[in-house]
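The primary structure of each chain is shown beneath.
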Amino acid sequence: MPKFAKARRRPPPEGWEAIEPIVSELTRKMREVENEPHEGKRKVESLWPIFRIHHQRSRYIYECYYKRHAISKELYEYCLKEGYADGNLIAKWRKPGYEKLCCLRCIQSIDTNYNTTCYCRVPKERIEEGKIIECQQCGYVSTLSDC
């Protein structure tokens, strides 16, 4: 989550105006989701929308910098420093085999039974055709390892 505005915060670098509307909209959605009631939901289910918006915001900044080259390195580093994007998740997306990773919790073996990765990380060849997988960590719904 982005840091709170401080009196001595440096101004955003040039080019911020291009990504500000989308980043601000996603930040607003994140605040709404954080404040909505979670009665009647399991603990993990109440966190799923937060993971989705976090993924969406990080993916947007990743694609702007690495895929479309629409923002400068200075603006990219500013977004990471201010918490608009997750640097660790973006680092994984750059590695082969992790391009569609939904969250970092899916590759942490400590959060799962038998010290393995999340079920959504199973290769397509090992799953029956047409089977829909719902990630228990972040709620990402995929068909045959889109994650």
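Just so it is clear, the model here is predicted, and its values are computed rather than measured.

Criteria and cut-off values
- In this numbering scheme, every chain counts its residues from 1 along its sequence in written order.
- Since the coordinates come from a predicted model, pLDDT governs what is reported: local features require at least 70, and pairs of side-chain atoms require 80 or more to be given and counted, while whole-chain, interface and lining totals use all residues.
- Excluded from the side-chain calculation are hydrogens and water; included are all heavy atoms of the structure.
- A side-chain nitrogen of Lys or Arg and a carboxyl oxygen of Asp or Glu constitute a salt bridge if their distance falls within 4 Å.
- A run of DSSP states H or I qualifies as a helix once it reaches four residues; a run of E qualifies as a strand once it reaches two. Both are numbered from the N-terminal end.
- Only protein chains enter the area calculation, which uses a 1.4 Å probe; residues under 20% of their type maximum are buried, those over 50% are exposed, and those in between are partly exposed.
- In this text, buried Ala, Val, Leu, Ile, Met, Phe, Trp, Tyr and Cys residues form a nonpolar core when linked through side-chain atoms within 4.5 Å.
- Here a residue-residue contact requires only that any non-hydrogen atoms of the pair lie within 4.5 Å.
- Any Phe, Tyr or Trp ring, taking Trp's six-membered ring, that has another such ring centre within 6.5 Å forms a pair; planes under 30 degrees apart are called stacked, those over 60 apart edge-to-face, and the others tilted.
- Regarding the arc, it is the one traced by the directions from the helix axis to the C-beta atoms.

Focus: the pattern of salt bridges
- Evaluated as defined, the whole model comprises six salt bridges.
- Glu77 serves as the salt-bridge partner of Lys73, at 4.0 Å between the closest nitrogen and oxygen. Linking Lys73 with Glu77, this pair stays in helix H3 (residues 73–81), spanning four residues, or about one helical turn.

So, unusual backbone geometry
- With a phi close to 55°, His69 is a non-glycine residue in the positive phi region.
- Inspection of the secondary structure assignment puts His69 in the loop between helix H2 (43–67) and H3.
- Accessibility expressed as a relative area gives 63% for His69, which makes it exposed.

Digging into the nonpolar core
- Trp16, Ile19, Ile61, Ile71 and Cys106 are the most contacted members of the largest nonpolar core, which totals 29 residues.
- Taken together, the elements giving at least two residues each to this core come down to helix H1 (16–35), H2, H3 and helix H4 (87–93).
- Examining the composition of this core, we find that six residues originate from one element, H2, more than from any other.
- Here Ile61 is in contact with Val23, Ile71, Tyr76, Cys79, Tyr84 and Ala85, once residues within four sequence places are set aside.

A few points about the packing of aromatic side chains
- Enumeration according to the criterion identifies seven aromatic pairs in this entry.
- For the pair Tyr62 and Tyr66, a centre-to-centre distance of 5.4 Å together with 40° between the ring planes defines the contact as tilted. With Tyr62 and Tyr66 both in helix H2, this residue pair falls four residues apart, about one helical turn.
- For Tyr66, a relative accessible area of 23% translates into the label partly exposed.
- Measuring from ring centre to ring centre gives 4.3 Å for Tyr65 and Tyr76, while their planes differ by 10°; the resulting arrangement is stacked. Here Tyr65 is found in helix H2, whereas its partner Tyr76 is found in helix H3, with 11 residues between them in sequence. No difference in accessibility class separates Tyr65 from Tyr76, as the two residues are buried.

Here's the deal with H3
- Listing the buried residues of H3 in full gives Leu75, Tyr76, Tyr78 and Cys79. With its buried residues spanning 160° around the axis, H3 presents them on a single face.

Examining the environment of Trp48
- Looking at where Trp48 falls in the secondary structure, it is placed in helix H2.
- Placed 34 residues apart in sequence, Trp48 and Glu14 show a C-alpha to C-alpha distance of 33 Å.
- The contacts of Trp48, once residues within four sequence positions are left out, are Arg42, Glu134, Cys135, Gln136, Gln137, Cys138 and Gly139.

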